[in-house]
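# Structure assessment
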Amino acid sequence: MQLDGLPKKVSLGVAALSIGLVAACGSSSQKTTGAPPASSGSGASSPDASSTGSSSAEVDAAKKGLEGFLTKPTKIHQTEALTKKIPTDKPWVIITCELPACKLIADGALAAAKTAGVPTKVLPYKTTDGTTLTTSMKDALKLNPFAVSPIGFTQTVWDSLQPQYKAKNIIITPIALGDTKTSDVVTEGSASQLDYNQGGQLMANFVIVDSNATAKVLVQDVPAFAVLKAYGDGFKSTLKAGCKACTVSSLDLAPAQLASNGVVPAIVSALQKDKSIKYLAATDGAFLNGINTALKAAGLTDIKIVGGSPDINNLKALQNGSQTAWTAAAEDQYGWVALDIIGRKLNGQTIAPADGGRSTIIATKENTTTTASSGLDAPIDYRDQYKKLWGLS
């Protein structure tokens, strides 16, 4: 998740940071405001979809959109080898936050750097204090790095520093930002808005197929975080374009509701108001802690739960059948993607948008037999694949 729109002092109390363009409204979109407390709930029984109003052509089109994304990926998207090895005479600075997902991504970046023999420096920032974001970006300049990678906070916070970075010939390769804008200083981002928007599109196709093109969906989003908005926009626009009988109600929450643990109560309240809704699509699975218990307590036992950026609890819920599907990617791979982008930039090689995209799967009970803190244990040998591209094996 990207910390876009964060004020200088805001208490986020978030259990984990989810690290995923296109402005679009949901089909038959209604705006639902978040409401505090209701009760708690269970999960995801699987009601048979009615054929009324469904379109076999829409379902067939959605199935095509899912091709290749219901099995675990075996290959990374990068295929062209680096023309020269990544330099090891200067450090790579990684700027990370205190939340678990930031640590997961940073650990992946450090592992990639160690493999390539690249020295590293790690600088912190606090999600509760926006001033620390720019401070670390300024401190990075003093370390004489060849590249700096901020994890999870918006480009608008540090965009004004680009001239200083250019003067020192330092590139910036963002990780998990939803507003990456490339320049001669800023490269393509690892896990950018492109990745997250595509994830939302994939999940919309899954819901169209799963519901036989009749889904009524509550989309829970925190649009202040651009990376989440990109996922939600991708979901809504694809559902609107691909399913005439489907409807979306939007539950847009503010960051303060995350801090006050208001997400689950707001979802339950919205679903109680419209019991025709049978799908909950969340742009960040980590915010749904306790959702199954809450839904069960409220008597909402036929809601299918889907979405993006699952944490290990969401993946476990897939296995026990209480949640239905998640767009999943290996978050510890993001750092490897970032270092690959840096190598290509320094070599003057072409970099595909988002470096070709991240390895993604629509995770379901059928294809997710193991859980990992990284969110996805595939491709199993992705480290070896990068080593080969980097001329290290």
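Up top is the structure.
To keep things clear, this report deals only with the structure shown in the data block. (Residues numbered from 1 in each chain as written. Predicted model: local features only at pLDDT ≥ 70, side-chain atom pairs only at ≥ 80, totals over all residues. Heavy atoms only, no water.)

### Some thoughts on the nonpolar core
For soluble globular proteins, the rule of thumb is that nonpolar side chains tend to be buried together. Residues Trp 92, Tyr 165, Val 217 and Trp 390 are the most contacted members of the largest nonpolar core, which totals 116 residues. The residues contacting Trp 390, other than those within four sequence positions of it, are Leu 82, Lys 85, Ile 86, Ala 112, Ala 116, Trp 336, Leu 339 and Asp 340. (Core = buried A, V, L, I, M, F, W, Y, C linked by side-chain atoms within 4.5 Å. Buried < 20%, exposed > 50% of the residue type's maximum accessible area, 1.4 Å probe, protein only. Contact = heavy atoms within 4.5 Å.)

### Quick word on the packing of helix α2 (residues 100-116) against helix α12 (residues 334-347)
Viewed as axis vectors pointing N to C, α2 and α12 meet at an angle of 50°, and their least axial separation amounts to 6 Å. When the interaxial angle is binned, α2 and α12 end up oblique. Crossing handedness for the pair α2 and α12: right-handed. Packed against α2, whose contacting residues are Ile 105, Gly 108, Ala 109, Ala 111, Ala 112, Ala 113, Thr 115 and Ala 116, the element α12 presents Tyr 334, Gly 335, Trp 336 and Leu 339 at the interface. (Axes fitted to C-alpha atoms, helices over the stretch in contact; angles between N-to-C directions. Helix = DSSP H or I, 4+ residues; strand = E, 2+ residues; numbered from the N terminus. Parallel < 35°, antiparallel > 145°, perpendicular 65-115°, else oblique. Left-handed = near helix turned anticlockwise from the far one by under 90°.)

### Some details on the sheet that holds strand β5 (residues 171-172)
Within the open sheet, the four strands sit side by side as β3-β2-β4-β5. Their pairing is parallel. A single partner strand is all that each edge strand has here, and the edge strands are β3 (120-124) and β5. Bridge count between strand β2 (residues 92-96) and strand β4 (residues 147-150): four bridges; the pairing is parallel. Considered in β4, the bridge of Ile 95 is made with Pro 150. Packing of α2 onto the sheet brings it into contact with β2 and β3, and relative to β2 it is tilted by some 170°. (Pairing = 2+ DSSP bridges.)

### As for the packing of aromatic side chains
For the structure on display, the rule yields six aromatic pairs. Relative to Tyr 382, the ring of Trp 336 has its centre 5.8 Å away and its plane inclined at 90°; by these criteria the two rings are edge-to-face. Here Tyr 382 lies in helix α13 (residues 382-389) and Trp 336 lies in helix α12, a separation of 46 residues in the sequence. Classification of Trp 336 by relative accessible area gives buried; the value is 2%. (Phe/Tyr/Trp six-rings, centres within 6.5 Å; stacked < 30°, edge-to-face > 60°.)

### Some details on the side chain of Ser 250
The residue Ser 250 is located in strand β7 (residues 247-252) in this model. Given the relative accessible area of 2%, Ser 250 is considered buried. Within the structure, the side chain of Ser 250 is placed 2.9 Å from the side chain of Lys 236, a separation counted as a polar contact. (Polar contact = N/O pair within 3.5 Å; in protein donor to acceptor, adjacent residues only side chain to side chain.)

### Some details on helix α7 (residues 226-242)
Given a rise of 1.5 Å per residue, 17 residues ought to cover 24 Å, and the 24 Å separating the end C-alpha atoms of α7 matches this to within 8%. Among the 17 residues in α7, twelve count as buried, and that is most of the element. Taken as a whole, α7 has its buried residues at Ala 226, Val 227, Leu 228, Ala 230, Tyr 231, Gly 232, Asp 233, Gly 234, Phe 235, Lys 236, Thr 238 and Leu 239. Among the structural elements, α6 (193-210), β6 (216-221), β7, β8 (279-282), β9 (304-308) and β10 (325-329) are those in contact with the buried residues of α7. (Expected span 1.5 Å × (residues − 1).)

### Topic: the pattern of salt bridges
Enumeration over the complete set of coordinates arrives at nine salt bridges. Where Asp 302 meets Lys 278, a salt bridge forms, and the shortest distance between an N and an O atom there is 2.6 Å. Pair noted here: Asp 302 is in the loop between α10 (291-297) and β9 and Lys 278 is in the loop between α9 (263-273) and β8, with a separation of 24 residues, a long-range link. One salt bridge connects Arg 344 with Asp 355, and the closest N-O pair in it is separated by 3.9 Å. With a gap of eleven residues between them, Arg 344 in helix α12 and Asp 355 in the loop between α12 and β11 (360-363) connect regions that are remote in the sequence. Through salt bridges with shared partners, a single ionic network connects Asp 340, Arg 344 and Asp 355. (Salt bridge = Lys/Arg side-chain N within 4 Å of Asp/Glu carboxyl O.)

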